[in-house]
Amino acid sequence: MGMTMTQKILAAHAGLDSVVAGQLIEAKLDIVMANDITGPMALPIFREMADKVYDKDKVVLVPDHFTPNKDIKSAENSKSIREFAKEQELKWYFEQGKSGVEHAILPEAGVVVAGECIIGADSHTCTYGALGAFSTGVGTTDIATGMAMGELWFKVPNAVKFVLTGKPAAYVSGKDIIIHIIGVIGVDGALYKSMEFTGSGIKELSMDDRFTMANMAIEAGAKNGIFPVDEQAEFYMKEHSVKEYKIYEADEDAVYDEVIEIDLSKVRPTVAFPHLPGNAKTIDEIEAMEPIWIDQVVIGSCTNGRMEDMRKAAAILKGRQVHSDVRVMVIPATQNIYKECIAEGLLDIFVDAGCAVNTPSCGPCMGGHMGVMAAGEKCVSTTNRNFVGRMGHVDSLIYLASPEVAAASAIAGYIANPEKVGDE
C-alpha cells in the first residue's frame, strides 16, 4: 500500500519503512517551537523532565503574540523565555525588533525546510507545509516533551487530496482559495487529516499563496497541510536557508479518504463571515446584499503579512483615502518585510491613505493588542480566525478576507469588490 507525502515523512522520522493511517508512532523532531504565550507554560513541565534541551539548534522561541509587551504579565512571559533561551544557549531566539511573527520568520530565516518533522505550540504551525514539511501544532506538554526528548508520538493521519487545476483570476489569491475550500468541506471537513495539495494549478500559486493556504489547514480541522516541492519551493529554500532538505513525493497508489478537485479559474474573491472560517461567501453574493458597513480593517498576521500581501494592499490603496468611518492597521509580518515596504515606498502609500502601520506582531489577530474591538464593531481582517470574541468584545464581528478585499473595503467603508476598486 502506498503512502502520502505526510506518511512518508513520518515513517522516515520514526525509522520505519512504512506507516499506515491510524498507526501510533514515535518520531524524531527537527524543530520544536514555542512563543511568548505557550513557551512560559511549557517551561515548568520541561524542568521536571530535563536540565538541557535535546538540541540547542533545534529549539526555537519567538516572542510575537503580546509584543511589544502590552502589560506586566506579557512582559514577564517574554522575560521568562528570553532568560531560558540565554541559559540554554539557543541558536534561534527571535527578539522583538529583530524578527517578526513566528510563522513568517521561521521560513524567512531558513529555520524550516522540506522533509522535516516540526512541532510548534501554536495551531498555525501547519504553515510550513508550504515547503513540503510535516508541521503541526501541539499543546504545551508535548512541546516540553519535544524540547527535552527530541521526539514525540503521533497518530499517523488519514489524508484528503486536493487536485488544483487552472489559474486564479486577478484579485484571487491563496486566501480566497483556502476560504473557498473550507467553505466546501466545512471547519471539520479534514479533522485530524492531512490536507495534501497537488495538481497542475500548484505552479500558478506563489510561495506566499501556499503559506497562506497551509496556514489555514487547521481551520478545516486538519492535522497539517502540505504542498509538493517544486522548483519554486526549492528556489525559496535555497534563497533563505543553508540547511539540507529532503523531498518526499506521494506514491501513485497512496490512499486518500477523499479526492476533491478545485478549478482555480472559477474561484472568486471570497470572504468568511462570522463566526467561522467556513462561512464562505463570494464577493458576488456579498454585492447582492445590503452593504456591510465596517469600522476596522487589519492587513497582516502570519496568514497575510508577507511582502506579496503588502504589495497587493498597497496597489489598491495607492492614491486613495481610507473611508472616514474606518480605521486601518497594516502590520508587516517581519522586520525584513517592513524594510522592503520602506524601500518600495509602500509605507508612504499606507500612511498617505490614512493607515496606521504597526511593528511586526500577532497583535490584533487574537485580540491581544493594537486593534481590540468594542461591542457591535465590524472588522475585515486578513487573519485566520473569526470566532466569537476573537478580536475583542463578544458582540464584535470579524470578516476574513484577502489583502485586496480588505484594502478595497477600507476605501469603500463596506465590504467591497477589489475588482471594481482596483480598476477605477
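For the structure, check the block above.
One structure accompanies this document, and this report is about it. Throughout this document, residue positions are counted from 1 along each chain, in the order its sequence is written. In keeping with the model being predicted, local features are shown solely for residues with a pLDDT of at least 70 and side-chain atom pairs are shown and tallied solely at 80 or more, while totals for entire chains, interfaces and linings include all residues. The side-chain values count all of the structure's non-hydrogen atoms but skip hydrogen atoms and water molecules.

Describing the sheet that holds strand E6 (residues 134–137)
Worth spelling out the cut-off: When DSSP finds two or more bridges between a pair of strands, those strands are recorded as paired. Strands here are runs of E lasting at least two residues and helices are runs of H or I lasting at least four, both read from the DSSP assignment and numbered beginning at the N terminus.
One open sheet holds the five strands; their spatial order is E4-E3-E2-E5-E6, and the pairing between them is parallel. The open sheet terminates on both sides in strands that have one partner only, identified here as strand E4 (92–93) and E6. Bridge analysis of strand E3 (residues 59–62) against E4 gives two bridges, and the strand direction is parallel. Bridge assignment links Leu-61 to a residue of E4, and that residue is Tyr-93.

Some words on the side chain of His-103
We count it as follows: Distance and chemistry together define a polar contact, namely a pair of N or O atoms within 3.5 Å, with one atom able to donate a hydrogen and the other to accept it when in protein, and with adjacent residues in sequence counting only for side-chain atoms on both sides. Two residues form a contact once any of their heavy atoms are found within 4.5 Å.
With respect to the element layout, His-103 can be found in helix H4 (residues 102–108). Among the polar contacts listed, one links the side chain of His-103 to the side chain of Asp-122, at a separation of 2.8 Å. The residues contacting His-103, other than those within four sequence positions of it, are Met-33, Asp-122, His-124, Thr-125, Thr-127, Tyr-128, Cys-302 and Arg-306.

Observations concerning the pattern of salt bridges
We apply this condition: Salt bridge criterion: a side-chain nitrogen from Lys or Arg within 4 Å of a carboxyl oxygen from Asp or Glu. Throughout this description, buried means an accessible area under 20% of the type-specific maximum (1.4 Å probe, protein chains only), exposed means over 50%, and partly exposed covers the range between.
All chains considered together, the criterion is met by 19 salt bridges. Its salt-bridge partner being Arg-268, residue Glu-419 comes within 2.6 Å of it at the nearest N-O pair. Residue Glu-419 is found in helix H15 (residues 418–422), and its partner Arg-268 is found in the loop between strand E11 (258–263) and strand E12 (270–272); the two are separated by 151 residues along the sequence. Under the relative-accessibility criterion, Arg-268 is labelled partly exposed at 25%. In this structure, the salt-bridge partner of Lys-312 is Glu-308, at a minimum N-O distance of 3.6 Å. Of this pair, Lys-312 and Glu-308 both sit in helix H11 (residues 307–317), four residues apart, roughly one helical turn. Linked by salt bridges that have partners in common, Arg-268, Asp-284 and Glu-419 make up one network.

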